[in-house]
Amino acid sequence: MRFRHPDGSTVHLAYCTNVHPAETLDGVLAQLRDHCEPVRRRLGRDRLGIGLWLAKDAAHALITDPAALRGLRGELDRRGLEVVTLNGFPYEGFGAEEVKYRVYRPDWTEPARLDHTTDLAHLLAALLPDDITEGTISTLPIAWRTPFDTARAAAARTALTTLAERLDALEELTGKSIRIGLEPEPGCTIETTADAIGPLTDLAAQAAARIGICVDTCHLATSFEDPATALSALTTAGVTVPKAQLSAALHAEHPHLPEVREVLAAFAEPRFLHQTRTSTSAGLRGTDDLAEAVTGTVLPDGAPWRAHFHVPLHAPPAPPLASTLPVLQDALARLVGGPAPLTRHLEVETYTWQALPPELRPRNRTQLAHGIAAELTLARDLLVDLGLKELP
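Residues numbered from 1 in each chain as written. Predicted model: local features only at pLDDT ≥ 70, side-chain atom pairs only at ≥ 80, totals over all residues. Heavy atoms only, no water.

If you look at the biggest cluster of nonpolar residues, it comprises 114 residues, and the most contacted ones within it are L13, Y15, I50, L52 and L376. Ranked by the residues each element gives to this core, the list is headed by helix α13 (residues 365–385), at nine residues. When near neighbours in sequence (up to four residues on either side) are disregarded, Y15 contacts H20, H35, C36, V39, L48, G49, I50, G51, E347, V348, I372 and L376. Within the second largest apolar cluster, seven residues are counted, among which are C218, L220, A221 and A249. (Core = buried A, V, L, I, M, F, W, Y, C linked by side-chain atoms within 4.5 Å. Buried < 20%, exposed > 50% of the residue type's maximum accessible area, 1.4 Å probe, protein only. Helix = DSSP H or I, 4+ residues; strand = E, 2+ residues; numbered from the N terminus. Contact = heavy atoms within 4.5 Å.)

So, on to the side chain of E191. For E191, the position within the fold is in the loop between β6 (177–182) and α6 (193–201). A distance of 3.0 Å separates the side chain of E191 from the backbone nitrogen of G187, its partner in a polar contact. For E191, the residues in contact, after removing those within four places along its chain, are P184, E185, P186, S223, R277 and L284. (Polar contact = N/O pair within 3.5 Å; in protein donor to acceptor, adjacent residues only side chain to side chain.)

This part takes up the layout of surface pockets. Estimates place the volume of the largest pocket at around 240 Å³. With three residues, α13 is the single largest residue contributor to the lining of the largest pocket. Of the residues belonging to the lining of the largest pocket, the class tally is eleven nonpolar, four polar and one charged. Here the second largest pocket is characterised by a volume of approximately 200 Å³. In terms of lining residues, the second largest pocket is bounded by 14 residues, among which I142, F148, A153, R157 and P199 are the most central. Looking at the lining of the second largest pocket, the element that brings in the most residues is helix α5 (residues 150–174), giving four residues. Class assignment for the residues of the lining of the second largest pocket results in ten nonpolar, two polar and two charged. (1 Å grid on protein atoms, 1.4 Å probe; cavity = no way out; pocket = protein on both sides within 12 Å on 5 of 7 lines; lining within 4 Å. Points joined across faces, edges and corners; volume = space filled by probe spheres on them. Nonpolar A, V, L, I, M, F, W, Y, C, P; charged D, E, K, R; others polar.)

Between T146 and P147 the backbone carries a cis peptide bond, its omega angle lying at -15°. Note on placement: P147 falls in the loop between β5 (134–139) and α5. Residue P320 is bonded to the preceding P319 through a cis peptide linkage, with omega at 15°. Checked against the element boundaries, P320 lands in the loop between β12 (305–311) and β13 (321–323). Residues other than glycine seldom take positive phi values, yet I142 does so here, at roughly 75°. Mapped onto the elements of the fold, I142 is located in the loop between β5 and α5. With relative accessibility at 8%, the residue I142 sits in the buried group. The backbone of F224 sits at a positive phi, close to 55°, despite the residue not being glycine. Mapped onto the elements of the fold, F224 is located in the loop between α8 (217–222) and α9 (227–237).

For an α-helix the count is 3.6 residues per turn, leaving residues at separations of three or four pointing the same way. Here helix α12 (residues 325–336) contains twelve residues, and its C-alpha end-to-end distance of 16 Å stays within 8% of the 16 Å for a straight helix at 1.5 Å per residue. By the burial criterion, the buried members of α12 are L325, V327, L328, A331, L332, L335 and V336. Projection of α12 onto a plane perpendicular to its axis shows the buried side chains occupying an angular sector of 145°, all on one side. (Expected span 1.5 Å × (residues − 1). Arc of directions from axis to C-beta.)

On to the pattern of salt bridges, then. As enumerated under the stated definition, the model contains 30 salt bridges in all. Measuring nitrogen to oxygen at the nearest pair gives 2.4 Å for the salt bridge that ties E171 to R210. Taken together, the residues E171 in helix α5 and R210 in helix α7 (residues 205–210) connect sequence positions 39 residues apart. Relative accessible area serves as the criterion here: at 30%, E171 is assigned to the partly exposed category. The exposure class of R210 is buried, given its relative accessible area of 7%. The partner of K243 in a salt bridge is E347, with the nearest N and O atoms 3.2 Å apart. Placement of the pair is K243 in strand β8 (residues 243–246) and E347 in strand β14 (residues 345–348), with a sequence separation of 104 residues. (Salt bridge = Lys/Arg side-chain N within 4 Å of Asp/Glu carboxyl O.)

We now examine the packing of helix α2 (residues 56–63) against helix α4 (residues 111–127). Following both chains from N to C, one finds α2 and α4 inclined at 55°, their axes separated by 10 Å at the closest point. The angle between the axes of α2 and α4 places the two elements in the oblique class. At the point where α2 passes α4, the crossing takes the left-handed sense. Contacts between α2 and α4 involve K56, A59, L62 and I63 from the first element and H116, D119, L120, H122 and L123 from the second. Each residue belonging to the contact of α2 with α4 can be placed in one class, and the counts come to five nonpolar, two polar and two charged. (Axes fitted to C-alpha atoms, helices over the stretch in contact; angles between N-to-C directions. Parallel < 35°, antiparallel > 145°, perpendicular 65-115°, else oblique. Left-handed = near helix turned anticlockwise from the far one by under 90°.)

Structural data, given as structure tokens:
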């Protein structure tokens, strides 16, 4: 979906396909048919943007077979779909029964991460619509926090610098500019936007022009970051925001109450990591997973908790829980509501539909398509309220 910003630029809204994890090219083609096109039709749109997730094997199949890549481009066109952004965070296995810490490997200290992201950049340059010259890729924020030391930090910095050089060469070859957004996430070496400023300003100017931040509003809220403070600090430091992911975290106002713990426990599930945080006078405190928080005493419960659980934008959990949609709204207003957008690529990323408590999960493809369409409708309405005009 495309929108005209009051300054005349185009802002893109997509939804991320990692909600339909596919490891192979055949799986990607099937998700376009079974999920993405039905969402587009439900919205009544001739064109729908998708934030495509290409696992290692699918990306390899496309990068080594030009005919397969042309076929994917043709399939996108036939189904009324377009791609201006890729989710390059998960490498493989995102549909596994247990993902947890595996999603952070390989990290930016390992050659496989650089090679995979380079492949994604080449693929995105080939998949961009003919009238679009800029694409974006979100990726993990360097690495999980342990083990990490100065040697690994130096290796990651070298890898990102090399990536920037490769992206420069790609633009010279194709005329397509691909930029990267490191996505701050709780528990990683870059947990907050503030954590990102040092590593990114340490990069050479050439690399800094290519590599910025992907602001995920669920992660922002989980870490109790104030959108105004966070985005102002990035702007002051000269750190760009190539992309933002529109998502909402799980919020518990009174986690000390047994009845609140009980309903929170229903969201503690075995597939994904749901880092949980609270803001105290001594600073941010947290656990690596929601189950650790609800069953133990390690996390102070005298103030609200927020968990890294992407809840549907249009359907917050019932009381006594809530979602952090207000943080998303605040962040979105600051990202695209000003005289010029800080980012032009927005992606709805609720990948946890099938991780919701059983009674809240969609029971079939039709219900899932309805939910995704409802999320996109909410996001569209927020953009229109900010003065953006939806384009055909």
